[in-house]
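Here are the chains, one letter per residue:
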Amino acid sequence: GVRHAFFGRRGGTSAGVYASLNVGLGSKDDPSAVQANRARAAAALGVEADALLTAYQIHSARAVEADGPWSMRPEADAVVTTTANLACGALSADCAPILLADGQAGVVAAAHAGWRGALDGVVEAAVQLMQDKGAERSHIVAAVGPCIAQASYEVGMEFVERFTGQAPGSEIFFAPGRAADKRQVDL
């Protein structure tokens, strides 16, 4: 019962190196093209253009609440709302965009999870804020959008050690790499 989507590159107004549906407010793309692209994405979600809320993403575990359009984007990597006609968004390339919803409670979120956010708990922060706003953990559903695949994400052993030291049990997300001192990580 919650309208949601993952948008790709097609259907945008941006040109040149940005030729796509670029909705990144922080990019060096033509601002009018970005606004037109955001209006297209918002329309597909059934909301006004200024109701598509994306944070200034900083690869953190910070979740913020939105109760209306923003005059200035907060620094965070998850946006949560209980307000009807607002759309929470997360921008990504390699990082994982994650949409969360408790349709019964009317609480939704979008999180941007790169390796730092995933390790530091951005999803957990989003779920906690959702619960603070009335969501039931057992009612929350999630969808993970397109992101880098394990076969393309090679890391060094220091990366593995950081994960396993901070998050015991995370060994299951690493596969052998092409070299003995490399691993492939499943974000």
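See above for the structure.
Being a predicted model, the structure only gives us computed values, none of them experimental.

A. Structural detail: the pairing of strand 3 (residues 78-81). Burial along strand 3 is two-sided: Ala78 and Val80 facing one way and Val79 and Thr81 facing the other are all buried. Inspection of the sheet shows strand 2 (residues 63-66) paired to strand 3 by four bridges, in the parallel sense. When the bridges of strand 3 are listed, Glu65 appears paired with Val80. Sheet analysis places strand 3 next to strand 6 (residues 107-113), joined by four bridges and oriented antiparallel. Looking across to strand 6, one finds that Ala78 is bridged to Ala111.

B. Summary view of the pattern of salt bridges. Counted according to the given criterion, the structure contains two salt bridges. Two residues, Lys133 and Glu65, come together in a salt bridge whose shortest N-O distance is 3.0 Å. With Lys133 in the loop between helix 3 (122-132) and strand 7 (141-144) and Glu65 in strand 2, the pair connects residues that are 68 residues apart, well separated along the chain. The exposure class of Lys133 is partly exposed, given its relative accessible area of 35%. Between Glu154 and Arg178 there is a salt bridge, with its nearest N and O atoms 3.7 Å apart.

C. Geometry of unusual backbone geometry. For His59, which is not glycine, the phi torsion reads 60° and is therefore positive. By the element assignment, His59 lies in the loop between strand 1 (52-54) and strand 2. Backbone geometry at Asn85 places phi at a positive 70°, although glycine is not the residue there. Assignment of secondary structure puts Asn85 in the loop between strand 3 and strand 4 (87-89). In this structure Asn85 comes out as exposed when scored by relative accessible area, which is 57%.

D. Highlighting the nonpolar core. Within the largest apolar cluster, 20 residues are counted, with the highest numbers of intra-cluster contacts made by Val47 and Leu52. Sorting the residues of this core by element identifies helix 1 (31-45), strand 1, strand 2, strand 4, strand 5 (96-102) and strand 6 as the ones contributing at least two each. The element contributing the most residues to this core is helix 1, with three residues. What Val47 contacts, discounting residues up to four positions off in sequence, is Ala42, Asn85, Leu86 and Ala87. Judged by nonpolar contacts, the second largest core, of 16 residues, contains Val107, Ala126, Val127 and Leu129.

E. Focus on the packing of aromatic side chains. Enumeration according to the criterion identifies six aromatic pairs in this entry. Ring centres of Phe159 and Phe174 lie 6.2 Å apart, and the angle between their planes is 75°; this geometry places the pair in the edge-to-face category. Taken as a pair, Phe159 in helix 4 (residues 157-166) and Phe174 in strand 9 (residues 174-176) lie far apart in primary sequence, 15 residues in all. A relative accessible area of 11% means that Phe159 is categorised as buried. A relative accessible area of 12% places Phe174 in the buried class. Note on Phe163 and Phe174: the rings are 5.8 Å apart at their centroids and 75° apart in plane angle, and the pair reads as edge-to-face. Pair noted here: Phe163 is in helix 4 and Phe174 is in strand 9, with a separation of 11 residues, a long-range link. The same class applies to Phe163 and to Phe174, which are both buried. Site record: aromatic cluster; members linked through ring pairs are Trp115, Tyr153, Phe159, Phe163 and Phe174.

Thresholds applied
Residues numbered from 1 in each chain as written. Predicted model: local features only at pLDDT ≥ 70, side-chain atom pairs only at ≥ 80, totals over all residues. Heavy atoms only, no water. Buried < 20%, exposed > 50% of the residue type's maximum accessible area, 1.4 Å probe, protein only. Helix = DSSP H or I, 4+ residues; strand = E, 2+ residues; numbered from the N terminus. Pairing = 2+ DSSP bridges. Salt bridge = Lys/Arg side-chain N within 4 Å of Asp/Glu carboxyl O. Core = buried A, V, L, I, M, F, W, Y, C linked by side-chain atoms within 4.5 Å. Contact = heavy atoms within 4.5 Å. Phe/Tyr/Trp six-rings, centres within 6.5 Å; stacked < 30°, edge-to-face > 60°.

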